[in-house]
Amino acid sequence: MVDVDPYKPLPAISKALGIPRLVLDSASPYTPTYVQSNLRVSDPAALYNARIKGRHVSLANPVKDRPSKSTSKRPSGKTSVTKALIRDRTRKGGWRLEKEAERFDLFVPLHRLWMGYMSELLGLSPSSSPEHASRIPNSASMYPKLVKADLHGSLLSVRQSRNPCLVGLSGIVLYESENAFRVITKTDQVKLIPKQNTIFVLAIPLYSTLDTTSNPSTPKPADAYPPQPHTLLASATVLDVPHFEFELYGNQFRYRSAERAGRKFKAKETIEL
């Protein structure tokens, strides 16, 4: 066994290899001596004094302070207020309908009110007016108003859909969201119909449904013109009076009712389904 003295001084390798030993003291510290010896410029001392001396130089990438998960996931501004309102409405049941209130006949008055709203919005003529009874309204002038109209209370039907189970479904609109219509059918069932990949049919009364007082001095036959909506049955809808229909493409209609009111729609061709 060979005895090794770990405290024995190292051999003078620098002298054997002819390498001068680097001696550091307060007059010549390590950092300026090392930096100036590796600079390939004409005056390394001047460059060191101008850019390095007296400055804090980081030799590694600084560690960034990462925010906590609770802070990073916390929404701010308008988004947080909107989500808070939606959560509050959902918790309080703002968009829910009680089971005993799921009856089609309860929402027929809402539908009749919507018919009057459309009559006033589109400027429809009453059927009791002889000069307007035979004139059909210009549908082209109605397009800008229809795309911005409120559809709560309207009667919508599904004409085409990617989902064949939805074709033929019809009901009064109870609630319109960005991506769906919630309707109640004549069988007292509440259905949620998505707008995406669905073509709807919207029925509009041909004549005004507003209760206008006619001039009693002007005689006219009782069956000369279509009956007024206020003389129809209480369960009558827009389909029971003269009407015309418009097709609504759900993919181009995916906006909330309030957003559609202030949105500018551009006429463009579309290929649906």
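These notes cover the structure that comes with them. (Residues numbered from 1 in each chain as written. Predicted model: local features only at pLDDT ≥ 70, side-chain atom pairs only at ≥ 80, totals over all residues. Heavy atoms only, no water.)

So, the overall build of the chain
Reasoning step 1: Broken down by element type, the chain carries nine helices and six strands.
Reasoning step 2: Counting the 273 residues in the chain, one finds 26% classified as buried.
Reasoning step 3: Accessible surface computed for the chain: about 20000 Å², of which carbon and sulfur atoms make up 55%. (Helix = DSSP H or I, 4+ residues; strand = E, 2+ residues; numbered from the N terminus. Buried < 20%, exposed > 50% of the residue type's maximum accessible area, 1.4 Å probe, protein only. Areas by Shrake-Rupley, 256 points an atom, 1.4 Å probe, with all protein chains shown as cover.)

Side note on the packing of aromatic side chains
Reasoning step 1: According to the stated counting rule, one finds three aromatic pairs in the structure shown.
Reasoning step 2: Ring geometry for Tyr 143 against Phe 246: centres 5.8 Å apart, planes inclined by 85°, an arrangement best described as edge-to-face. Of this pair, Tyr 143 sits in helix α8 (residues 143-146) while Phe 246 sits in strand β6 (residues 243-249), and the two are 103 residues apart along the sequence.
Reasoning step 3: Its relative accessible area of 44% is what places Tyr 143 among the partly exposed residues.
Reasoning step 4: Ring centres of Phe 244 and Phe 246 lie 5.4 Å apart, and the angle between their planes is 70°; this geometry places the pair in the edge-to-face category. (Phe/Tyr/Trp six-rings, centres within 6.5 Å; stacked < 30°, edge-to-face > 60°.)

Overview of the nonpolar core
Reasoning step 1: Ranked by internal contacts, the top residues of the largest apolar core, which has 35 residues, are Leu 146, Phe 181, Leu 202 and Ile 204.
Reasoning step 2: Contributing elements (two or more residues each) for this core: α6 (108-122), β1 (155-161), β2 (170-176), β3 (180-184), β5 (198-205) and β6.
Reasoning step 3: Once residues lying within four places of it in the same chain are set aside, the contact partners of Ile 204 are Trp 114, Met 118, Leu 122, Leu 146, Val 238, His 243, Phe 244 and Phe 246. (Core = buried A, V, L, I, M, F, W, Y, C linked by side-chain atoms within 4.5 Å. Contact = heavy atoms within 4.5 Å.)

Here's the deal with the sheet that holds β5
Reasoning step 1: The sheet built from six strands is open, its strands ordered β4-β3-β2-β1-β5-β6 with antiparallel pairing. Looking along the sheet, the strands with just one partner apiece sit at the ends: β4 (190-194) and β6. Direction aside, neighbouring strands of the sheet carry axes that sit 45° apart on average.
Reasoning step 2: Inspection of the sheet shows β2 paired to β3 by four bridges, in the antiparallel sense. Pairing of Val 173 across the sheet is with Val 183, part of β3.
Reasoning step 3: Of the strands in this sheet, β1, β2 and β5 are in contact with α6, which crosses β5 at around 75°. (Pairing = 2+ DSSP bridges. Axes fitted to C-alpha atoms, helices over the stretch in contact; angles between N-to-C directions.)

Side note on the side chain of Ser 154
Reasoning step 1: Locating Ser 154 in the fold gives a position in the loop between α8 and β1.
Reasoning step 2: Judged by its relative accessible area of 0%, Ser 154 is buried.
Reasoning step 3: Discounting chain neighbours no more than four positions away, the residues touching Ser 154 are His 111, Trp 114, Gly 171, Ile 172, Val 173 and Leu 202.

Side note on α6
Reasoning step 1: With 15 residues, α6 ought to run about 21 Å at 1.5 Å a step, and its terminal C-alpha atoms sit 21 Å apart, in line with that.
Reasoning step 2: Taken together, the buried positions of α6 are Val 108, His 111, Trp 114, Met 115, Gly 116, Met 118, Ser 119 and Leu 122.
Reasoning step 3: Where α6 is buried, its residues meet α8, β1, β2 and β5.
Reasoning step 4: Positive backbone phi, approximately 65°, marks Gly 123, located one or two places after α6. (Expected span 1.5 Å × (residues − 1).)

Quick notes on the pairing of β2
Reasoning step 1: Of the strand pairs in this sheet, β1 and β2 are connected by three bridges, and their pairing is antiparallel. What sits directly across from Leu 156, in β2, is Gly 171.
Reasoning step 2: A loop of three residues connects β2 with β3, the two strands running antiparallel in sequence.

Observations regarding the environment of Leu 151
Reasoning step 1: Within the secondary structure, Leu 151 is located in the loop between α8 and β1.
Reasoning step 2: For the pair Leu 151 and Val 173, spaced 22 residues apart in sequence, the C-alpha to C-alpha distance is 6.8 Å.

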